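Below, each chain spelled out in residue letters.
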Amino acid sequence: MNATARRMTSLGRAELTLLGRNKNNLFIALLMPLLMIFVLRSSLGQMGSDELPGGMAGTTVIGGTGLVLVLVVYMGLVSALVARREELVLKRLRTGEATDLEILGGAALPSAAIALLQCAVLAVGGVLVLDVPAPRRPDLLVLGLLAAILLLAGLAAATTAITRNVESAGLTTLPFFLISAMGSGLMVPLDLLPDPAANIARLLPFSGVMEFVRAGWLGAGDTEDLLTAALTTLVWGALTVFAVRTWFRWEPRR
Amino acid sequence: MTNAIEAEGLRRGYSGGFEAVRGISFTVPRGEIFALLGTNGAGKTSTVELLEGLAAPSAGTARVLGHDPYRERAAVRPRIGVMLQEGGFPSDLTVAETVRMWAGCTSNARPAREALDAVGLASREKVRIKQLSGGERRRLDLALALLGRPEVLFLDEPTTGLDAEGRHDTWELVRALRDEGTTVLLTTHYLEEAESLADRLAIMHQGRIVLSGTPSEVTAARPARIRFTLPEGIAPARLPLGLKAAAEGPRVEIRTHALQDALGELLDWAREAGVRLHGLDARSATLEEAFLEIASRTDALDVDRDGDLETAR
């Protein structure tokens, strides 16, 4: 095992132990996604989702995948990173051999693994229980999931810059959650939005990766749509990297 | 290469214009214990953080084992151990889990048991960090700093919060490491710690090094003092002129670089004049006096400098 993998594994392992000992974060990581998926399913029922390309079940699985990712990776990681920063753990880790990226990556490993596991459970459950047709393009689905995790981990790191303490993480993560729920196809399918709104919604941070997840399940429609999605994601990715490099703080404000 | 640490004209400014480190130069040869001494806010931690590579200096150069600790972090980190002034550990991990996490981030780490034994924490392995006392946390921090068998060890106030016994244990450990060839840079505001532990020390005040050398050199540079009270009716003016006496009422203080000669002259005079010197007390300079004198003197210097700037404008 090379040094980077060894360092990230031991940081990730410590982070997983901590997650297991924190009831709040455990709740967000394990029960919140389940809860939100039920909410999603019942609200889809009222929207007249029969005309949707994926049907109600397919839309639930796609939106649910997005919900899992945002709740577990983004919201979970913001509170984990802020907690480590305020405990001066990040500062202490920076005196060691791990690089900045390894420290952030190691912290994100457990959330990423849990999110992927939940997406897998959702996919298997969707196919077996809800009779959703198996993903037409598994390659695009996997690509979408991995891109989503990278983007969300970066956005989480950026969000810590405006999060003073663990308690305020619930508030600072809310805008991105709401924007994504409404505009990136988590709670409201884009097909149900009026055209001009849908076009703007496609440019939101999380819309690009969601387009890939959708294409993974339902099959790639328009190549142009996928290209727009890829470009949108890359631009948001670059902005996120810039934000993290500029504003990320490794220790509490004095 | 004989110097493990080299600082040349180091400066560090913070946003808002405050300059915590204002041009510091010193070197630490391999295998030496070097202490940075100063009051709170003297700039000790800001200086050490530059050498640890946690921040880049706004001017000047830092070299640790021949490398720039900030830009060549990857080359320096595996060879140094760092104990921050305020260590950070996840409060819900146990001691053993914390050591295991740190060992995973360290090349050629010592066995966890060995490091914990060295600081006397082996029996606390299963205890959560949040249940440790302040002193135990300091010792755990030290154990982690030692984990990678560092060539250079940075200790920022290593014994703050320790009881007397813990402090002496830490000193013994640091001396043993030095004897094995480890270079140690430590900061402290305990004068006793610097005096007994350091091969060389530097006294910092307001971001500058005011005095440096071996503990005995530093104290030798300061004058010794003699204090006594004259009986009623004997004016201080009657003291021999050769003694540079400062009087405050009947209380007299003499500062001298030749304690024996001055004391002899004083006692000869007292015997001939038949004067009894009450509360007679003579002592060589201690580090504490050197330290306090420097602190007050630089305050005065700074006022002068600011004054000059004002008139220059």
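In what follows, the structure referred to is the one given above.
Counting from 1, residues in each chain are numbered in the order their sequence is written. The lettering of chains begins at A and the numbering of ligands begins at 1, in the order of writing. Residue-level local features of this predicted model are given only where pLDDT is at least 70; pairs of side-chain atoms are given and counted only at 80 or more, and the full residue set underlies all totals for whole chains, interfaces and linings. Note that water and hydrogens are dropped before the side-chain values are worked out from all heavy atoms of the structure.

Consider a sheet: its strands pair through backbone hydrogen bonds, and that pairing is either parallel or antiparallel. Residue and element names in this part refer to chain B. Strands were regarded as paired on the criterion that DSSP finds at least two bridges between them. Secondary structure elements are taken from DSSP: a helix is a run of H or I of four residues or more, a strand is a run of E of two residues or more, and numbering for both begins at the N terminus. Overall, antiparallel pairing links the 4 strands, which are arranged 11-12-10-13 in an open sheet. With one partner strand each, in any of the chains shown, strand 11 (245-248) and strand 13 (278-283) form the two edges of the open sheet. Going from strand to strand, the sheet's axes swing by 15° on average, the running direction of each strand aside. The pairing of strand 11 with strand 12 (residues 251-256) spans 4 bridges and is classified as antiparallel. Considered in strand 12, the bridge of Glu248 is made with Arg251. Lines fitted to C-alpha atoms define the axes here, with helix axes fitted over just the stretch in contact, and angles between the N-to-C directions of these axes take values from 0 to 180 degrees.

This part covers the nonpolar core. Of all hydrophobic cores here, the largest spans 110 residues; its most connected members are A:Leu69, A:Tyr74, A:Leu152, A:Phe206, B:Leu140 and B:Leu201. Here the element with the most residues in this core is helix 3 (residues 55-86) of chain A; it accounts for 16 residues. In this analysis, two residues are considered to be in contact whenever any of their non-hydrogen atoms come within 4.5 Å of each other. In contact with B:Leu140, not counting residues within four places along its chain, are B:Phe89, B:Val95, B:Thr98, B:Val99, B:Leu116, B:Leu121, B:Ile129 and B:Leu132. The set of buried Ala, Val, Leu, Ile, Met, Phe, Trp, Tyr and Cys residues whose side-chain atoms join them within 4.5 Å is what this entry labels a nonpolar core. Think of it in three bands: residues with accessible area under 20% of the maximum for their type are buried, residues over 50% are exposed, and the middle band is partly exposed, with areas taken using a 1.4 Å probe on protein chains only. Core analysis: the second largest hydrophobic core is formed by 29 residues, B:Ile24, B:Phe26, B:Leu51 and B:Ala62 among them.

A pair is scored as a salt bridge if a Lys or Arg side-chain nitrogen falls within 4 Å of a carboxyl oxygen belonging to Asp or Glu. On inspection of all chains with the given rule, the structure shows 33 salt bridges over all chains. We note a salt bridge from B:Glu97 to A:Arg21, for which the minimum N-O separation is 2.8 Å. Here A:Arg21 lies in the loop between helix 1 (3-20) and helix 2 (23-46) and B:Glu97 lies in helix 3 (residues 95-104), a pairing that spans two chains. In this structure B:Glu97 comes out as buried when scored by relative accessible area, which is 15%. Here B:Arg138 and B:Asp141 are joined by a salt bridge, their closest N and O atoms 3.4 Å apart. You can see B:Arg138 and its partner B:Asp141 sitting in helix 5 (residues 134-146), 3 residues apart, about one turn around the helix. One network of salt bridges, in which partners are shared, links A:Lys91, A:Glu251, B:Arg12 and B:Glu49.

Time to look at the environment of B:Ala55. Residues and elements named next belong to chain B. Relative to the helices and strands, Ala55 is located in the loop between helix 1 (44-52) and strand 4 (59-64). Judged by relative accessible area, Ala55 falls into the buried class, the value being 13%. C-alpha separation for the pair Ala55 and Pro69, spaced 14 residues apart in sequence, amounts to 9.0 Å. What Ala55 contacts, discounting residues up to four positions off in sequence, is Arg12, Glu49, Leu50 and Tyr70.

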